[in-house]
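# Structural description and commentary
Listed here are the chains, written in short residue letters.
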Amino acid sequence: MSLVCRLHVKRDVSSKKTPATAQLDQDIDQALLDAKGASRHSAKALTTLRRMRTTPSQWQLTPIEWVEEEREVQGLVRCPTCHGRKFVRTERGEVIPPPLVNTPESFGYDQEARREAHRANKPHGNCPTCTKQMRGWGMVPQGKIKGTVRARVMVGYPQFPPATQFDSQYRGGHSCELCNKWIVKSGRVPVHATGDDGTTHGMLVGEDCARKFLNVKLKRAKDAIMESGNAPDD
């Protein structure tokens, strides 16, 4: 019985809050109340900040080192069916593979493929692989499809302060570490904050959450990539 009493007393002492801590809890509670009725992501985002014992105004954009690197990125590659021609010949519903360009066979193939497309009322092309819905035009072949290409892009490496803790419950993967909403890799924004207890916290959040909850904006190139750590040593 005495052991139970001692444990109970210890818990009561540890639960006491200083005026500053109590005020912080009150500010965060008020922020949660202000967000009542908003989207579920709003409540999850503010709950994340509360777990870290920080307020939105304490967060700021983390400095970024931008490095130009050659990376594999999503882009457009030549259609493997029509080889960029947009017109193909078919037989019994199957595509006849086109010959190499600038050969005697390719001229006759291209001519017949265009005649087939016009007979099928497809003057812009009849390739079944690279067609895309175009407003006012219907399904129009593009000659290219989405694929992986190598290109030189700007890569951002966040410079988080030393001893930064990455303790969001949504840490890892490609979701926003503030609200857990899925984001693409290039849309992440590195942010950090130092709470009243002196602990520095870091996150990678989506651009919407950075702007809406933390008042942080980041300008970047359209195809830029954001990494999660420092740049590799040369």
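Structural notes, computed from the coordinates. What you see is a predicted model; the values in this text were computed from it and never measured.

Each value, and the rule that gives it
- Residues numbered from 1 in each chain as written.
- Predicted model: local features only at pLDDT ≥ 70, side-chain atom pairs only at ≥ 80, totals over all residues.
- Heavy atoms only, no water.
- Helix = DSSP H or I, 4+ residues; strand = E, 2+ residues; numbered from the N terminus.
- Contact = heavy atoms within 4.5 Å.
- Core = buried A, V, L, I, M, F, W, Y, C linked by side-chain atoms within 4.5 Å.
- Buried < 20%, exposed > 50% of the residue type's maximum accessible area, 1.4 Å probe, protein only.
- Pairing = 2+ DSSP bridges.
- Disulfide = S-S within 2.5 Å.

## Some words on the environment of Glu 112
Inspection of the secondary structure puts Glu 112 in helix H4 (residues 104-119). Measuring from C-alpha to C-alpha, the distance between Glu 112 and Arg 89 comes to 6.9 Å, with 23 residues separating the pair along the chain. Once residues lying within four places of it in the same chain are set aside, the contact partners of Glu 112 are Arg 89 and Arg 119.

## Some words on the nonpolar core
In this structure, Trp 59, Leu 178, Val 191, Met 203 and Val 205 are the most contacted members of the largest nonpolar core, which totals 22 residues. Ignoring any residue separated from it by four or fewer positions in sequence, one finds Leu 178 in contact with Lys 44, Ala 45, Thr 48, Leu 49, Tyr 170, Met 203, Val 205, Cys 209 and Phe 213. By size, the runner-up hydrophobic cluster in this structure holds 9 residues, among which are Cys 82, Val 88, Tyr 109 and Cys 127.

## Here we look at the sheet that holds strand S10 (residues 225-226)
As summarised here, the arrangement of the 3 strands in space is S2-S7-S10, forming an open sheet in which the pairing is mixed. Edge positions in the open sheet fall to strand S2 (64-78) and S10, since each of these has one partner strand only. Pairing of S2 with strand S7 (residues 144-158) involves 15 bridges; the strand directions are antiparallel. Across the sheet, residue Glu 70 finds its bridge partner in S7, namely Arg 152.

## Here we look at the side chain of Gln 58
Position of Gln 58 relative to the elements: it lies in the loop between helix H3 (40-51) and strand S1 (59-61). On the basis of relative accessibility, which here comes to 19%, the residue Gln 58 falls in the buried class. When sequence neighbours within four positions are dropped, the list of residues in contact with Gln 58 reads Arg 53, His 192, Ala 193, Thr 194, Gly 195 and Asp 196.

## Considerations on unusual backbone geometry
With a phi close to 55°, Arg 92 is a non-glycine residue in the positive phi region. You can call Arg 92 exposed: its relative accessible area is 83%. Residues other than glycine seldom take positive phi values, yet Asn 121 does so here, at roughly 60°. Of note, Asn 121 is situated in the loop between H4 and strand S5 (131-134).

## Observations concerning the state of the cysteines
What the rule picks out here adds up to 0 disulfides. Between Cys 79, a cysteine without a disulfide, and Cys 127, which holds the nearest cysteine sulfur, the sulfur-to-sulfur distance is 3.7 Å. Looking at the unpaired Cys 82, the closest cysteine sulfur is the one in Cys 79, lying at 3.8 Å. For Cys 82, a relative accessible area of 0% gives the class buried.

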